[in-house]
Amino acid sequence: MNLRRLLAMAFKETLQIWRDPRSLAIALLMPAMQMGLLGYGVSLDIKRVPLCVNDQENSQLSRTLVQKFVASDWFRIAETLPDERAVRGAMDRGACAGALTIPVNFSRTLTTTGTASVQVVFDATDANTTDIAIGYAQGAVALANQDVASQWLSGHGATAVLTGTVDLEPRVWFNEGLDSRNFIIPGVVAIILGLVGAQLTSLTVSREWERGTMEQLISTPVAALEVMLGKLIPYFLIGLFDAAFCLCTAAFWFQVPFRGGIGTLVLTTALFTLVVLGIGYLVSVRIRSQLGASQIALMLTMLPITLLSGYTFPLDQMPGPIRAVSLVVYARYYVSILRSVFLKGSGVGQLALPILALVLYAGAIIWIAARAFRKRLD
Amino acid sequence: MTGATQAVIAEGLTKRFGTFVAVDRLSLAIAKGEIVGFIGPNGAGKSTTIRMLCGLLRPSAGRAVVAGFDVARAAESVRAHIGYMSQKFSLYGDLTVRENLRFFGGLYRVPRRAIEDRMRIAIGMAGLEGRENALVSTLAGGWKQRLALGCAILHQPPVLFLDEPTSGVEPQARRHFWDLIHRLAGDGVTILVSTHYMDEAEYCNRIALINAGRLVAIGSPGELRRHELGGTLYELASPALGAAVAALQSEPAVIEAAIFGDKLHVLMRDTIASPQALLAKHAITAGEPRVITPTLEDVFVQLVSRPVQQAAP
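Structural notes, computed from the coordinates. All of these numbers come straight from a predicted model, not from anything done at the bench.

## Describing the sheet that holds strand E7 (residues 159–163) of chain B
Sheet strands pair by backbone hydrogen bonding; their relative direction is either parallel or antiparallel.
All names here are of chain B.
Now for step 1: Here 6 strands make up an open sheet; going across it, the order is E6-E7-E8-E3-E9-E10 and the pairing mixed. Whereas interior strands pair on both sides, the edge strands pair on one side only; in this sheet they are strand E6 (82–85) and strand E10 (214–219). Strand-to-strand twist of the sheet, defined as the mean angle between neighbouring strand axes without regard to direction, takes the value 15°.
Now for step 2: Both E7 and strand E8 (residues 190–195) contribute to a ladder of 5 bridges, which runs parallel. Note on E8: the bridge partner recorded for Val 159 is Thr 190.
Now for step 3: Against the sheet, helix H5 (residues 141–152) engages E6 and E7, with an angle of about 160° to E6.
Now for step 4: Along the sheet face, helix H6 (residues 171–186) touches strand E3 (35–39), E7 and E8 and points at about 155° away from the line of E8.

## Brief notes about the environment of Ala 127 of chain A
Residue and element names in this part refer to chain A.
Now for step 1: Examined against the element boundaries, Ala 127 turns out to sit in helix H6 (residues 127–155).
Now for step 2: For Ala 127, a count of 9 C-beta atoms within 10 Å gives the class exposed.
Now for step 3: Between the C-alpha atom of Ala 127 and that of Ala 331, which follows or precedes it by 204 residues, the distance is 29 Å.

## Considering the sheet that holds strand E1 (residues 6–17) of chain B
Residue and element names in this part refer to chain B.
Now for step 1: Pairing is antiparallel across the open sheet formed by 4 strands, whose spatial order is E2-E1-E4-E5. Both outer strands of the open sheet, strand E2 (20–31) and strand E5 (69–70), are each paired with one neighbouring strand and no more.
Now for step 2: Pairing of E1 with strand E4 (residues 61–66) involves 5 bridges; the strand directions are antiparallel. When the bridges of E4 are listed, Val 8 appears paired with Val 66.
Now for step 3: Seen against the sheet, helix H1 (residues 46–53) touches E1, E2 and E4 and runs at an angle of roughly 120° to E1.

## With respect to the pairing of E10 of chain B
Residue and element names in this part refer to chain B.
Now for step 1: Inspection of the sheet shows strand E9 (residues 206–211) paired to E10 by 5 bridges, in the antiparallel sense. What sits directly across from Ile 207, in E10, is Gly 219.
Now for step 2: Hairpin remark: E9 followed by E10, antiparallel, with 2 residues in the connecting loop; positive phi at Ala 212, about 50°.

## Some thoughts on unusual backbone geometry
Residue and element names in this part refer to chain B.
Now for step 1: The phi dihedral of Ala 67 is positive, around 50°, even though this residue is not glycine.
Now for step 2: Tracing the backbone shows Ala 67 in the loop between E4 and E5.
Now for step 3: The phi torsion at Ala 283 lies on the positive side, around 60°, for a residue other than glycine.
Now for step 4: For Ala 283, the position within the fold is in the loop between helix H10 (275–281) and strand E14 (290–291).

## As for the packing of helix H1 (residues 3–19) of chain A against helix H10 (residues 224–253) of chain A
Residue and element names in this part refer to chain A.
Now for step 1: With their axes 8 Å apart at the nearest point, H1 and H10 run at an angle of 45° to one another. With respect to H10, the element H1 is oriented oblique. Remark: the crossing between H1 and H10 carries right-handed chirality. For the pair H1 and H10, contact is made by Arg 5, Leu 6, Met 9, Ala 10, Glu 13, Thr 14 and Ile 17 and by Glu 226, Val 227, Leu 229, Gly 230, Lys 231, Ile 233 and Pro 234, respectively.
Now for step 2: Along the lines of polarity and charge, the residues of the contact of H1 with H10 split into 8 nonpolar, 2 polar and 4 charged.

Definitions and limits used
Residues numbered from 1 in each chain as written. Chains lettered and ligands numbered in written order. Predicted model: local features only at pLDDT ≥ 70, side-chain atom pairs only at ≥ 80, totals over all residues. Pairing = 2+ DSSP bridges. Helix = DSSP H or I, 4+ residues; strand = E, 2+ residues; numbered from the N terminus. Axes fitted to C-alpha atoms, helices over the stretch in contact; angles between N-to-C directions. Contact = placed C-beta atoms within 7 Å. Buried ≥ 20, exposed ≤ 12 C-beta atoms within 10 Å, placed from the backbone. Parallel < 35°, antiparallel > 145°, perpendicular 65-115°, else oblique. Left-handed = near helix turned anticlockwise from the far one by under 90°. Nonpolar A, V, L, I, M, F, W, Y, C, P; charged D, E, K, R; others polar.

This is the structure we're talking about:
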C-alpha cells in the first residue's frame, strides 16, 4: 500500500467522474429525482375514499349520519344517487369505492326501537383499502351513535345513566400522526443510496476493461488494494454527499421528525455507503462489460432493498424462509436504523446489533472485493 | 549466458488456453540494450508471449526472467522494471496529455522532484508541446502512440515491451516512432517490439520469427537472409507467371516458388538445376535466372510455409 499510488488512482478517478456526464447524472440527478418520485408517490395512507350516498330518507338524522362520514376527511361524497340501481351503476363505473344506503324508515325505526341499520357496500378489488375503509365507516357510525344516544336519552326525559363502560384511549408513540410518510421516507433514503452507490461503482472497473485501459493499468506496479481504495474514495465522498442531500430532504422538506444524533446518522450512513459501493465494485471486478455490470448491480440492490428491507412490506409478516433470506439483505439494517434514529431518537447503544451487522457486512464485502481483483488477463 | 548481461530470458515458455497452444516452448535471450523484433502472422503468439513476459499472463509451462526477476514468482518486481505498450491504445482518452503522464508517473512512483522534468521530456519526445492540456481522445494516432511510449518510459525502465506500437499509424509517424526507439536503445534500454510490417524488421538488431506459437528463427536481418532459406534464390521473368509457379512447385529440386511483383522468385535446393531449364520441360518460356539476396519477406514466407514439425530450430 503506497500513498502516492493511492492518491494518483483517486485523483484520476475523480477527473474521470467529473468529465463523464453519465456518472455525474447518476451521482447528482438520480437522488433528487428519486427522492421526489418516491417521497411523493409512495404513501400508504388512505384518505378521502370516494363514497356514493343513496339517502332514501333525507331527514335531519340521515343527513347528520352522512356528515359524520365526510367530517373527518376519511370519505368524500363522490355522487348522491336516487336508488339502488344507480348505486350499482356507479360501483360498476368505478365512480366510487363504496356506497352508503340509508333506508326510508331510518329515523322512525331509530327513534322507536333505538336501533336502525344502514348499509355500506365496498368495492373489494383493492382489499387493503377496503379493509381500512370499513374501519373508517365503523368509526363514523360510532361517532353518530354517541350523538344519537344522548339525544334519544334526553328526548325520553332520562339523563345518561352511568353504566360500566371501558373506554380505550389509544396513544401511538414515535409517529404520533400515524403518517405513513414518516415510516417510508427513511426507507426511501436507503433505496436511493443503495441504487446510486452500486450503480456508480459497478461501472468503474468494467469501463477500464471495455476501453482497454485495464491492460495498461495492470502492467504497472499498482497494487490491487490501491486500485480498489483509489476508485472507492471519490465515490465514497459522492455517496456521503448524496446521503446528506437525501437525509436533509427527508428532515426539512418532507418534515420527517428527526430526534436522534447526527453522529449516529453519519456513522451508520458511512457504513451503509461502504457496503453498497463495495457490492458495486465487486460486481464490476467480476463482470467485464459495463452493461452487464450495471444490470447485475441493479439486481443485487433494487430487488432486495425494495422487497426485503422492510421499507414498505413488514418483515415480521413474511413467511419464515423469506424472513431468513432478508437477514442477508444489508439494507434492512440501515432502514431500521434510520427509522429508529429519525423517529425514536435511538443512539449507537440501542442500535448495537444492526450496526454490528453493517460493520460485518462492510468488512466482508471490502475484503472479498479486494481479493477479487486480479492483476492478470487470464 | 548469465542474468547479468541478459535483460530477458525465456526458457520453454508455453501458454495453453484450454487445448489451444498459443505459445509452444519458446526460448530466447535478449541482451541488454538490444532491439529485438517479434515478427509473425496474426495469432502467431506474439502478444501472448509479450504478455507473459510482462507478468500479465501466467505461463502454463517454462519460465522467464525479465530484468532479473522471475515473471511468475516476482511479477510485481517485473512490472516495476518494465515499460509496456499494449497492442490496443490504452491511455485514458478522457484525461489530458499531462494528466495521463502524471497518473502513470504516480503509479510508477517517479520521484516528485523529477516528475516535471520527465514529463517535459516525454511531451517533447511525443512532439506534443502546446497540446499538453488537450484531451488524449482528440489526438491523432501517431501522437497517441508516442504519448503511450512516453507514459511507458516515465520511470526509466531498463526493459520495454512494445506490442505492435505502430499498427494503424501513418508511415511518416512510424518512421518517427522508430527513431525514438533507437534513441532509447542508445541509452541502454532493452526493447522487444512486435510488428507485422516487414520493413520495420530491418530496424531491429535481431529478429525473432514466430509462427503457430513457435520461435521459427532468430538472428540479425543479415543472418536470416543468408542462412535461413536453405537454398539459393533465383529471380526470373516469365510471360506465364501463374502456370510457371504451378509447374515449379511440382519439381523436387524446387523448395518454393512464388510470384514476386512481375517476376518469379524460385528457391532451389542446389545450384545444379536451373529454373529456366525446369520450366522448359513444361514448355514454359522464361528469362535468364539471376541469383538474388532474399528479402526478409522471402525468408518469412519460406519459414512460415514449412511444415511445423521441421520448423523448430
